[in-house]
Amino acid sequence: MNLNEWDERARKTIQMGSDLVQGHMAFMKEMVRIDSRSFNVNEFEGDRSTPTDMKEILELAQEYLQSIGFPMVRINVPPPGPERSTPIMMAEIIAGDNKPTLLMYAHLDKQPYMDDERFKKWDGHPPTELRWNADGTRAYGRGAADDLSGVVAIGMAVDALLRAIGFDAKNPEPGLLEQLPCNIKVIFETEEESGSHTLIPQILQNKDFFEALDCVIITDVTNPDTGVPGLTTSLRGIIQMNAHMKTTLSPPAIDEQTALYKVLATLIHEDHSLAVADIAKGDSPITEIERKGYEKIPTTLEALRAQAGLLNETQLTVPASKVNVIEAELRTSCANVRPGHRVAGGVVFGSAGARFHIHTEGLTHRQGFIRWLEETFKTYNRFGLKIRLREVDISEPLTLDLILQSADKDPHSGMFGGPFPVPELQLAHMVDCLIGWDGKLAVAGWQGFFESGGGLRKILLSALHVEHDGSAHTFSDPSARALVEVRLAPGHRETTANDHLKQHLLQNVPDGFSLELEEDKGGPPWMTGIDHPAFTLMLESLKAGYEHEPCLYGCGGSIPFVAKLMDALGNIPPLCLGAYDPDCRMHEPG
């Protein structure tokens, strides 16, 4: 039997409803069932307080690969170090010393649930329960797409190939694996979502396993559209900082939360583009060939808006065309901010809000003043976000909640960040425009609502946790905190960009305040050429498998291990592809 016959036989077994597919979906169900969140646990009352050690899902993955026919499957013991570390898993099938060796990568760890114990965002079902839609074409559960689809894609491909040559894992025939055209190696990681911080030390621990590789397939990116395969050649990086604003003088003219909003507002220009100049000017330029490639991606502006969950009224931050949106998502650095007390993964919150405690003297036209404030906020609303200003308490001080909404979900900040406005940043911009550093309203027109000699004594702000339905509440911890994130386009060094972001934030803090910054997990951007023949072979394979012309694509999301892995493995072709599409809503709840 030749390679073409093996290929045809293997592809026939990977069909919806086949015994092979059903068997692998059973393992998928068990892997979804296991809590393998690698960061930001303790999301609700009774939740675990520390991330898992990954032992349970590693043992299941070991059983999974052994059931396929991998004769060697090993869970590594990470080297000792100051950071919490969890193992990688390695498996291999050796067909011969003189044959090429293919390495395949996926990860077993998952994003946070991003919901409370009622799991309303998951339609009332636990995120650890794998559910299917009516026609069985989509599965739902935390990690099902990112990246258990990659785990199972690897497993099904190898299983189908082994069955095509007549291999039986329960009764292996000696010498049969030597018929394979290449050696097959697999690495499953358990720290990808938390930054892959011990991936390189663990690879260096196992140099023999990672030597003499000819190609690596990385199954942890998205396709450009449903049924349309993509081969990813670029990734954005990410830097993140936890910011905590404190006062150093007493009493300050404004409170800490207002000061934090005003500093955060400096992250963007009026057009919402990144205002950290030393980062913004460092993005690698897009070539005309790349731009023409983006034009060929079979999607529409309407589809891109829908994938991000944008409200009809929300305007883009770039010219309204498909190519401009794709360029902003894949190859432009952009800022995102989340409230520092809110547990979340890498998303843009579709809603943001702040509670205004306005202490007044001689306010004679309360409702007129509230309407004036609402109209003032609307003049700052350049991108058409939905604005709600509602009175919380009719007593003194005047207490108002300002709610902004751009989307009806919380889209992935890497996949969608750039062309769409970030409500938290627009909120910061509105606060900055309204309130000066001296604590006074920075706009005219409010005096007519007060008696002669009356006015504002002070304005205090509190950050809000806002849900999609507009409901909101303050955080139990009143301190002024935020998570600042920048997605880095190719062309940057992560450490240098960190320095630029830190310098930008600190130089905008005025006297009387201090801003504590703590670096969070990050990762470098990455880009590759496609001259190696392995890229041509993969494009041909994708076309055959999907029966659709593949796209050279990029990913706006950040996968820190890719650059790290390529540094560790050397000059071998990296083939980045995924088993999921934008409608899988990776990282989002539900």
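Presented here is a report on the structure given in the accompanying data block.

Calculation notes
Residues numbered from 1 in each chain as written. Predicted model: local features only at pLDDT ≥ 70, side-chain atom pairs only at ≥ 80, totals over all residues. Heavy atoms only, no water. Helix = DSSP H or I, 4+ residues; strand = E, 2+ residues; numbered from the N terminus. Polar contact = N/O pair within 3.5 Å; in protein donor to acceptor, adjacent residues only side chain to side chain. Salt bridge = Lys/Arg side-chain N within 4 Å of Asp/Glu carboxyl O. Buried < 20%, exposed > 50% of the residue type's maximum accessible area, 1.4 Å probe, protein only. Pairing = 2+ DSSP bridges. Axes fitted to C-alpha atoms, helices over the stretch in contact; angles between N-to-C directions. Expected span 1.5 Å × (residues − 1). Arc of directions from axis to C-beta. Contact = heavy atoms within 4.5 Å. Phe/Tyr/Trp six-rings, centres within 6.5 Å; stacked < 30°, edge-to-face > 60°. 1 Å grid on protein atoms, 1.4 Å probe; cavity = no way out; pocket = protein on both sides within 12 Å on 5 of 7 lines; lining within 4 Å. Points joined across faces, edges and corners; volume = space filled by probe spheres on them. Nonpolar A, V, L, I, M, F, W, Y, C, P; charged D, E, K, R; others polar. Core = buried A, V, L, I, M, F, W, Y, C linked by side-chain atoms within 4.5 Å. Parallel < 35°, antiparallel > 145°, perpendicular 65-115°, else oblique. Left-handed = near helix turned anticlockwise from the far one by under 90°.

Note that Arg142 resides in the loop between β5 (139-140) and α4 (148-164). For Arg142, the side chain forms a polar contact with the main-chain oxygen of Gln111, separated by 3.4 Å.

One pass over the full model with this rule turns up 27 salt bridges. The salt bridge partner of Arg37 is Asp35, with a shortest N-O separation of 2.9 Å. Taking the relative accessible area as the measure of exposure, Arg37 reaches 1% and is therefore buried. Classification of Asp35 by relative accessible area gives buried; the value is 17%. Across the salt bridge formed by Asp35 and Arg48, the nearest N and O atoms sit 3.3 Å from each other. In this pair, Asp35 is assigned in the loop between α2 (19-33) and α3 (55-68) and Arg48 in the loop between α2 and α3, connecting sequence segments 13 residues apart.

This brings us to the sheet that holds strand β17 (residues 513-519). Reading across the sheet, the four strands line up as β10-β16-β9-β17 and stay open at both edges, with antiparallel pairing between neighbours. The sheet is open, and its two edges are formed by β10 (334-339) and β17, each paired on a single side. Mean inter-strand twist for the sheet, computed between neighbouring axes without regard to direction, equals 25°. Sheet topology note: the β10/strand β16 (residues 480-488) ladder contains six bridges and is antiparallel. Across the sheet, the residue bridging to Ala335 is Val486, located in β16.

The next thing to look at is α3. Along its 14 residues, α3 runs 20 Å from first to last C-alpha, staying within 8% of the 20 Å computed at 1.5 Å per residue. Residues Ile57, Leu58, Leu60, Ala61, Tyr64, Leu65 and Ile68 constitute the buried set of α3. Projected down its long axis, α3 carries its buried residues within an arc of 160°, all on one side. Here the buried face of α3 lies against α2, β1 (72-75), β2 (89-93), α4 and β6 (183-189).

The next point concerns the environment of Glu518. Counting through the fold element by element, Glu518 comes out in strand β17. Residue classification places Glu518 among the exposed residues on the basis of a relative accessible area of 54%. Contacts of Glu518, omitting those with residues within four sequence positions, involve Gln240, Met241 and Asn242.

Per the stated rule, a full pass over the model turns up 10 aromatic pairs. Summarising the aromatic geometry, the rings of Tyr113 and Phe119 are spaced 6.2 Å apart at their centres and angled 85° between planes, so their arrangement reads as edge-to-face. The exposure classification of Tyr113 matches that of Phe119, with both residues buried. Grouped by ring-pair contacts, the aromatic residues Phe369, Trp372, Trp446, Phe449 and Phe450 constitute a single cluster.

Below, the discussion takes up empty space enclosed by the protein. Within the structure shown, the criterion is met by five cavities of 30 Å³ or more. Roughly 100 Å³ of volume is contained in the largest cavity. For the lining of the largest cavity, the secondary structure elements donating two or more residues are α10 (301-308), α11 (322-331), α13 (413-416) and β19 (551-555). Of all the elements, β19 adds the most residues to the lining of the largest cavity, at three residues. For the lining of the largest cavity, the per-class residue count stands at eight nonpolar, four polar and one charged.

Quantified by volume, the second largest pocket comes out at close to 950 Å³. Around the second largest pocket, the lining comprises 46 residues; the ones closest to its centre are Phe39, Asn40, Gln240, Asp520 and Lys521. For the lining of the second largest pocket, the elements supplying multiple residues, two or more each, are β9 (237-247), β10, β16, β17 and α17 (560-569). Considering every element that reaches the lining of the second largest pocket, the biggest residue donor is β9, with five residues. Its residues assigned to classes, the lining of the second largest pocket shows 14 nonpolar, 18 polar and 14 charged.

This paragraph deals with the nonpolar core. Judged by nonpolar contacts, the single largest core of 65 residues is most densely connected at Leu267, Phe356, Phe369, Phe377 and Leu501. Among the elements that take part in this core, helix α14 (residues 423-434) stands out by supplying six residues, more than any other. Residues within four places of Phe369 in sequence aside, it is in contact with Ile358, Leu363, Leu398, Leu441, Trp446, Phe449, Phe450 and Leu456. Within the second largest apolar cluster, 57 residues are counted, among which are Leu60, Phe70, Leu180 and Ala534.

Time to look at helix α7 (residues 256-264). Along α7, eight of the nine residues are buried, which leaves the element largely enclosed by surrounding structure. Along α7, the residues that are buried comprise Gln257, Thr258, Ala259, Leu260, Tyr261, Lys262, Val263 and Leu264.

Another point: the packing of α2 against α4. It is at 10 Å that the axes of α2 and α4 come closest, and there the two elements cross at 150°. With respect to α4, the element α2 is oriented roughly antiparallel. As α2 packs across α4, the resulting crossing turns out to be right-handed. From α2, Leu20, Val21, His24, Met25, Met28, Met31 and Val32 reach across to α4, where they touch Leu148, Ser149, Val151, Val152, Gly155, Met156, Asp159, Ala160 and Arg163. A per-class count over the contact of α2 with α4 returns 11 nonpolar, three polar and two charged.

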